[in-house]
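These are the residues of each chain, in order.
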Amino acid sequence: MVNAPASLVFYDDVLDESIMDGVVCARGVCAISYDDDDEMITSAGGDVPKNLVDKFLSSYIGPRALLAGASILYGTNFPLGAIMNDSLPPSAATSARMVMASVALSPFLFRLNPSLSWNALLCGCFTALGYTTQSLSLVDTSPAKVAFLGAATVIVCPTLEFLVNKKPMGLKDAPQTWLAATLCLVGVAVLELYDPAGGGAAVFDQIGFGDVLALLQAVGFGTSFFLTERMMRGQPDQALPITAVQVSTTALICFIWCISDGWIGQAGSESFGIPNLFLNENTRTAAAAVAWTGLITTALNRFVETTALGKMSSAEASVILATEPLWAALFAALLLSENFGVNDYVGGFLIVLACLANTLNPSDFGRFFGQSQDTEDYYKP
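Nothing here was measured: the structure is a model prediction, and the numbers come from that model. (Residues numbered from 1 in each chain as written. Predicted model: local features only at pLDDT ≥ 70, side-chain atom pairs only at ≥ 80, totals over all residues. Heavy atoms only, no water.)

J.: Tell me about the packing of aromatic side chains, and name the residues and values.
T.: Two aromatic rings, taken as a pair, are described by how far apart their centres are and by the angle between their planes. The full count for this structure, using the stated rule, is four aromatic pairs. An angle of 70° between the planes, with centres 5.5 Å apart, marks the rings of Trp263 and Phe272 as edge-to-face. Both rings, one in Phe340 and one in Tyr345, keep their centres 6.0 Å apart while their planes meet at 70°; by these two values the pair is edge-to-face. An aromatic cluster of at least three residues, connected via ring pairs, comprises Tyr131, Phe221 and Phe225. (Phe/Tyr/Trp six-rings, centres within 6.5 Å; stacked < 30°, edge-to-face > 60°.)

J.: Could you give an account of helix α3 (residues 77-87), with specific residues and numbers?
T.: Where burial is concerned, most of α3 is hidden: nine out of the eleven residues are buried. Buried within α3 we find Asn77, Phe78, Pro79, Leu80, Gly81, Ala82, Ile83, Met84 and Asn85. (Buried < 20%, exposed > 50% of the residue type's maximum accessible area, 1.4 Å probe, protein only. Helix = DSSP H or I, 4+ residues; strand = E, 2+ residues; numbered from the N terminus.)

J.: Tell me what's going on with the packing of α3 against helix α12 (residues 284-309), and back it up with residues and numbers.
T.: Relative orientation and spacing of two packed helices are given, respectively, by the angle between their axes and the distance between those axes. The interhelical angle for the contact between α3 and α12, taken along N-to-C directions, is 145°, at an axis separation of 8 Å. As for how α3 packs across α12, the hand of that crossing is left-handed. Seen from α3, the contacting residues are Asn77, Leu80, Ile83, Met84 and Ser87; seen from α12, they are Thr285, Ala286, Ala289, Val290, Trp292, Thr293 and Thr297. Broken down by class, the residue content of the contact of α3 with α12 amounts to seven nonpolar, five polar and no charged. (Axes fitted to C-alpha atoms, helices over the stretch in contact; angles between N-to-C directions. Left-handed = near helix turned anticlockwise from the far one by under 90°. Contact = heavy atoms within 4.5 Å. Nonpolar A, V, L, I, M, F, W, Y, C, P; charged D, E, K, R; others polar.)

J.: Tell me about the pairing of strand β1 (residues 23-26), and please be specific about residues and values.
T.: The alternating pattern of β1 places Val23 and Cys25 and Val24 and Ala26 on opposite faces, both of which are buried. In this structure, the hairpin formed by β1 and strand β2 (residues 29-32) is closed by a connection of two residues, where Arg27 is found at a positive phi of approximately 50°. (Pairing = 2+ DSSP bridges.)

J.: I'd like to hear about the pattern of salt bridges, residue by residue, with values.
T.: On inspection of all chains with the given rule, the structure shows two salt bridges. Among the ionic pairs, Arg233 bridges to Glu229, the shortest N-O distance being 3.6 Å. Each of the two residues, Arg233 as well as Glu229, counts as buried. The salt bridge partner of Arg302 is Glu305, with a shortest N-O separation of 3.8 Å. Linking Arg302 with Glu305, this pair stays in helix α12, spanning three residues, or about one helical turn. On the basis of relative accessibility, which here comes to 12%, the residue Arg302 falls in the buried class. By relative accessible area, which is 1% here, Glu305 ends up buried. (Salt bridge = Lys/Arg side-chain N within 4 Å of Asp/Glu carboxyl O.)

All quantities given are derived from atomic positions and should not be read as evidence of function.
As C-alpha cells, then:
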C-alpha cells in the first residue's frame, strides 16, 4: 500500500517506489493507466479494429472531454440539492438519492476485495458526513458558496497526509500545498468576512450555520478522498466496488437520519419516499433531481471518471476537476437566478486557484529555494 495518497494528487509525479506503476489518481479516485500504443483488441480470428468508443477514448480529446463532462455534471449537484430541499426534508432528499445510487452500483458491491471491507465502511461513514452536511448547508446557504467552501478539501487532504502518513510538509518539501492552503484560506475569508454592500469587513456573526456545515462537508469528503485513494492506490481495479460500499453506507446512515428526523409517519410524508416521490405531482421536480443526482452524478459519473483517468495524468485530471465549483456557480445562476457579489467572484476564484496550485510539483518552486538541477530532476516524471 502506498503511504502518500491525496485528494488532488500532488505527489504522483514524484519517484516513489511504494506507488504502483501505471496508476493514475485524482480526487480520491484511482485507475489503471493504459498505453494506447499497446492497447489491442484481439479475438480468435486475430486483431479487431477499434470501434468508435475505443477510438474516442484513445484520442487526445476523448478522455479529457469525458472528465470535463463529469466535472460539469458534478456542478449540477449543488443547485439541484437546493431544489430538492424546497420540496423535501434534507434527510429524505439525500436518502432517496443514495438509495438510487446504491441500486445502480449494487452489481459492484460484492466484487469488493474482502481485505478492504472495514476500510471501505469507514470511508463510507465520512462520505455520509460529506453528503449530509452538504444537504443541510444547502437549506440556507447559496449553492455556489457551498460548492466553493467544499473545495476546502485542498487543505483537509494534505493535513491528513501529515498527521496519518507522516508525510513531510515543510515549506521546501511541499511548497504547492502551502500555496494552495494560503489561497484557499484567503478565498474562504473573502467569501465569509467581506461584505461588498457594507464596503468592508463583515462581523463574524454574519457567518451562518450553513457556512459551517459547508466547511464540515469538506472535512467529510476530504477524509473520504484520502481513505479511498489510500485503498485504491494499491488496488485501482476496486474503484467501483469501493464506491458501491460508500453510497450503500451513506444510504443506511441517511435512513437512520430519516427516522431520527421525525417526519416519518407525519401527514404527507408518504410522498417523500420512493416510489411515491415520483407519483406525486407536487414532488416530481424534486423526484427528477433525485434521479439525476443519484443515477447520473453519483453512479454514472464515477464510472465515467475512472474510465477517463486511465487515459491522462493525475495533474491534468485534477485541473479539469478543479472547475467543479465554477460549474456549480453557473448552474446556480441558470437554475435559481442566483446573483453574485464581488466577494463571491474573488473568493471563488482564489479557492479554484488553490485547487490548481495543488497540481504543481515541488520542482516548479526550485528557483525560489535555490534547488540544484539534480533535486529538480528527482521530482520530474
